Amino acid sequence: MNHLQRFQFLDGAVRGEICQLSEAYQAVLSRHEYPAPIKGLLGEALSGVALIAANLKFEGCLILQIQGNGPMSVLMVECNHLGELRGIARYDEAEMALQTDHSWTALAGQGQLILTIDPEDGERYQGIVALEGESLAAALAGYFAQSEQLPTYFNLAADGQHAGGLMLQVLPQMDESQDDDLWGRAQGLAQTLKKEELLGLSAEEVLYRLFHEEQVELYPEAELRFHCSCSRERSGNALRAIDLDELLEIADEQQGQIEVDCQFCRQKYVFDSIDLRQLHLPATDAPNSVQ
Ligand SMILES: [Zn+2]
């Protein structure tokens, strides 16, 4: 169960999305040994980024990043136009062990929410707001209120096995013939959704449970999955930016090789001195075998 479904209220300018993750979420968690509260927040963040990425109108990636002064210093998740997700969290184990409060505000502390839109062709766009609210869902709603001026509601949940999210958003072009109360009504209904329901029921069941008195059109499901975009080529590109002599010196100290570890999926890419020299050949002379 790793999918996202869009829906639209027929009598007003409100649209929504619901996503549910299990294997994709578990694949992200399996790469690291996270404590339970961090697992939960990663699940919420993966759901949140998948919901927002569903609106990407181009090929590329959406990156959601939380940087705070709490024990969890970084929470970073990505979703691209293919529904490929990855994520990582950094936290201070000792500091977390000292705290009994593992709520969102206690773990993230004060900081920023950064949303980066990274198209394959075109310029990156980054929006930054201060973290506010008692949950990641509230922080994301705060982002849309401040940065996009679009009333947006998020309900996010995760339990270490399953993760899910529901998003509602007012469409930018409200016209007068539309139902003015719909936003308040839809949001009020969405707030009654319990964590067990979001994680345990099917998307159709959730939407029926919440909005059976409204006219809602459901769109086909889109698949989500775990996929890390790292590659030997990308790691090589990162090394190419470093001076060759410096790289060879580092390699000398490490049994003649440099190991590049992907932070997200833990894949290791090993470059020996021959690889490093090849990387630094002028582009036209570089053999194609560097992959
Ligand atoms: Zn990777």
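Residues numbered from 1 in each chain as written. Predicted model: local features only at pLDDT ≥ 70, side-chain atom pairs only at ≥ 80, totals over all residues. Heavy atoms only, no water.

1. Digging into the pattern of salt bridges
Here is step 1: Throughout the structure, instances matching the rule amount to ten salt bridges.
Here is step 2: A salt bridge links Arg-86 to Glu-78; the shortest N-O distance between them is 2.9 Å.
Here is step 3: The class for Arg-86 is buried, based on a relative accessible area of 11%.
Here is step 4: Close ionic contact of Lys-268 with Asp-261 constitutes a salt bridge, the shortest N to O distance being 3.4 Å. (Salt bridge = Lys/Arg side-chain N within 4 Å of Asp/Glu carboxyl O. Buried < 20%, exposed > 50% of the residue type's maximum accessible area, 1.4 Å probe, protein only.)

2. Focus on a negative patch on the surface
Here is step 1: On the surface, a cluster of negative charge is made up of Asp-243, Asp-245, Glu-246, Glu-249, Asp-252 and Glu-253.
Here is step 2: Structurally, the position occupied by Glu-246 is in helix 10 (residues 244-253). (Patch = residues over 30% accessible without salt bridge, like charges linked within 9 Å, V, L, I, M, F, W, Y side chains within 5 Å. Areas by Shrake-Rupley, 256 points an atom, 1.4 Å probe, with all protein chains shown as cover. Lys, Arg positive; Asp, Glu negative; His and termini not counted. Charge placed at Lys NZ, Arg CZ, Asp CG, Glu CD. Helix = DSSP H or I, 4+ residues; strand = E, 2+ residues; numbered from the N terminus.)

3. Description of the coordination of the zinc ion
Here is step 1: Taken together, Cys-228 (SG), Cys-230 (SG), Cys-262 (SG) and Cys-265 (SG) make up the full set of protein donors to the zinc ion, lying 2.1 to 2.3 Å away.
Here is step 2: Geometry at the zinc ion is tetrahedral, judged from the four donor atoms that bind it and their angles of 103 to 116 degrees at the metal.
Here is step 3: Mapping the donors of the zinc ion onto the primary sequence yields the spacing C-x1-C-x31-C-x2-C. Placement of Cys-228 in the loop between strand 11 (225-226) and helix 9 (232-240) and of Cys-265 in the loop between strand 12 (257-261) and strand 13 (268-272) is noted, with a sequence separation of 37 residues between them.
Here is step 4: The exposure class assigned to Cys-228 is buried, which follows from its relative accessible area of 10%. (Donors = N, O, S within 2.8 Å, 3.2 Å for Na, K, Ca; no water. Tetrahedral: all angles 85-135°; square planar, octahedral: opposite > 155°, others 65-115°.)

4. Concerning the domain arrangement of the protein chain
Interfaces are often sized by the accessible area lost when the parts come together.
Here is step 1: Here the domain parsing of the protein chain yields domain 1 (3-226) and domain 2 (232-285).
Here is step 2: Measuring from the centre of the C-alpha atoms in domain 1 to the corresponding centre in domain 2 gives 36 Å.
Here is step 3: In this assembly, nine residues from domain 1 lie in contact with five residues from domain 2.
Here is step 4: Overall, the association of domain 1 and domain 2 removes approximately 650 Å² of surface from exposure, summing both partners, and the carbon and sulfur fraction of that is 56%.
Here is step 5: Three residues, Arg-31, His-32 and Arg-86, lead the burial of domain 1 against domain 2; their summed loss comes to 57% of the area buried on that side.
Here is step 6: For the interface between domain 1 and domain 2, the tally reads zero salt bridges. (Domains from an automatic or database assignment. Contact = heavy atoms within 4.5 Å. Buried area = accessible area lost by both parts, 1.4 Å probe.)

5. Topic: the nonpolar core
Here is step 1: One finds Trp-104, Phe-154 and Leu-276 to be the most contacted residues of the largest nonpolar core, which totals 71 residues.
Here is step 2: Here this core takes ten residues from helix 2 (residues 36-53), the largest share from any one element.
Here is step 3: If sequence neighbours within four positions are ignored, Leu-276 has contacts with Leu-239, Leu-244, Leu-247, Leu-248, Ala-251, Ile-258 and Phe-271.
Here is step 4: Among the nonpolar cores identified, the runner-up in size contains 21 residues, and Phe-7, Leu-168, Trp-183 and Leu-199 belong to it. (Core = buried A, V, L, I, M, F, W, Y, C linked by side-chain atoms within 4.5 Å.)

6. Topic: the sheet that holds strand 3 (residues 60-68)
Here is step 1: Within the open sheet, the six strands sit side by side as 7-6-3-4-5-11. Their pairing is mixed. Unpaired on one side and paired on the other, strand 7 (125-130) and strand 11 mark the two borders of the sheet.
Here is step 2: Along the sheet, helix 5 (residues 136-148) contacts strand 3, strand 6 (111-119) and strand 7; its crossing angle with strand 7, the most-contacted strand, is approximately 115 degrees. (Pairing = 2+ DSSP bridges. Axes fitted to C-alpha atoms, helices over the stretch in contact; angles between N-to-C directions.)

7. Concerning the packing of helix 1 (residues 23-30) against helix 2
Here is step 1: At their nearest, the axes of helix 1 and helix 2 sit 10 Å apart, and the two run at 135 degrees to each other. Considering their axes alone, helix 1 and helix 2 lie oblique with respect to each other. As for the relative orientation of helix 1 and helix 2, their crossing is right-handed in sense. Where helix 1 abuts helix 2, its residues Tyr-25, Val-28 and Leu-29 lie against Lys-39, Gly-40, Leu-42, Gly-43 and Leu-46.
Here is step 2: For the contact of helix 1 with helix 2, the per-class residue count stands at five nonpolar, two polar and one charged. (Parallel < 35°, antiparallel > 145°, perpendicular 65-115°, else oblique. Left-handed = near helix turned anticlockwise from the far one by under 90°. Nonpolar A, V, L, I, M, F, W, Y, C, P; charged D, E, K, R; others polar.)

8. Considering the pairing of strand 8 (residues 152-158)
Here is step 1: Counting buried residues in strand 8 gives seven out of seven residues, a clear majority hidden from the surface.
Here is step 2: Side-chain alternation along strand 8 places Thr-152, Phe-154, Leu-156 and Ala-158 on one buried face and Tyr-153, Asn-155 and Ala-157 on a second face that is also buried.
Here is step 3: Looking at chain direction, strand 8 and strand 9 (residues 163-170) are connected through seven bridges and run antiparallel. Following the sheet pairing, Ala-158 is matched in strand 9 by Ala-163.
Here is step 4: Linking strand 8 back to strand 9 in an antiparallel pair, the connection comprises four residues, with Gly-160 at a positive phi of about 95 degrees.

9. Description of the confidence of the model for the protein chain
Should pLDDT be low for a region, the predicted coordinates there are not to be read in detail.
Here is step 1: This prediction gives the protein chain a mean pLDDT of 92; 95% of its residues lie at or above 70.
Here is step 2: Ranking the helices and strands of the protein chain by mean pLDDT puts strand 8 first, with 98, and helix 3 (residues 93-98) last, with 91. (pLDDT = per-residue confidence, 0-100.)

10. Looking at the packing of aromatic side chains
Here is step 1: Applying the stated criterion to the full structure yields six aromatic pairs.
Here is step 2: Consider the rings of Phe-9 and Phe-211, whose centres lie 5.0 Å apart with planes at 80 degrees: the pair is edge-to-face. One end of the pair, Phe-9, is in strand 1 (residues 3-9); the other, Phe-211, is in helix 8 (residues 203-211), with 202 residues separating them in the sequence.
Here is step 3: The exposure class of Phe-211 is buried, given its relative accessible area of 3%.
Here is step 4: Ring pairs connect the aromatic residues Phe-7, Phe-9 and Phe-211, which therefore count as one cluster.
Here is step 5: A cation over a ring is seen here: Arg-86 above Phe-264, with NZ or CZ 3.7 Å from the ring centre.
Here is step 6: The ring of Phe-271 carries the charged tip of Arg-232 above its face, separated from the ring centre by 4.1 Å. (Phe/Tyr/Trp six-rings, centres within 6.5 Å; stacked < 30°, edge-to-face > 60°. Lys NZ or Arg CZ within 6 Å of the ring centre and 35° of its normal.)

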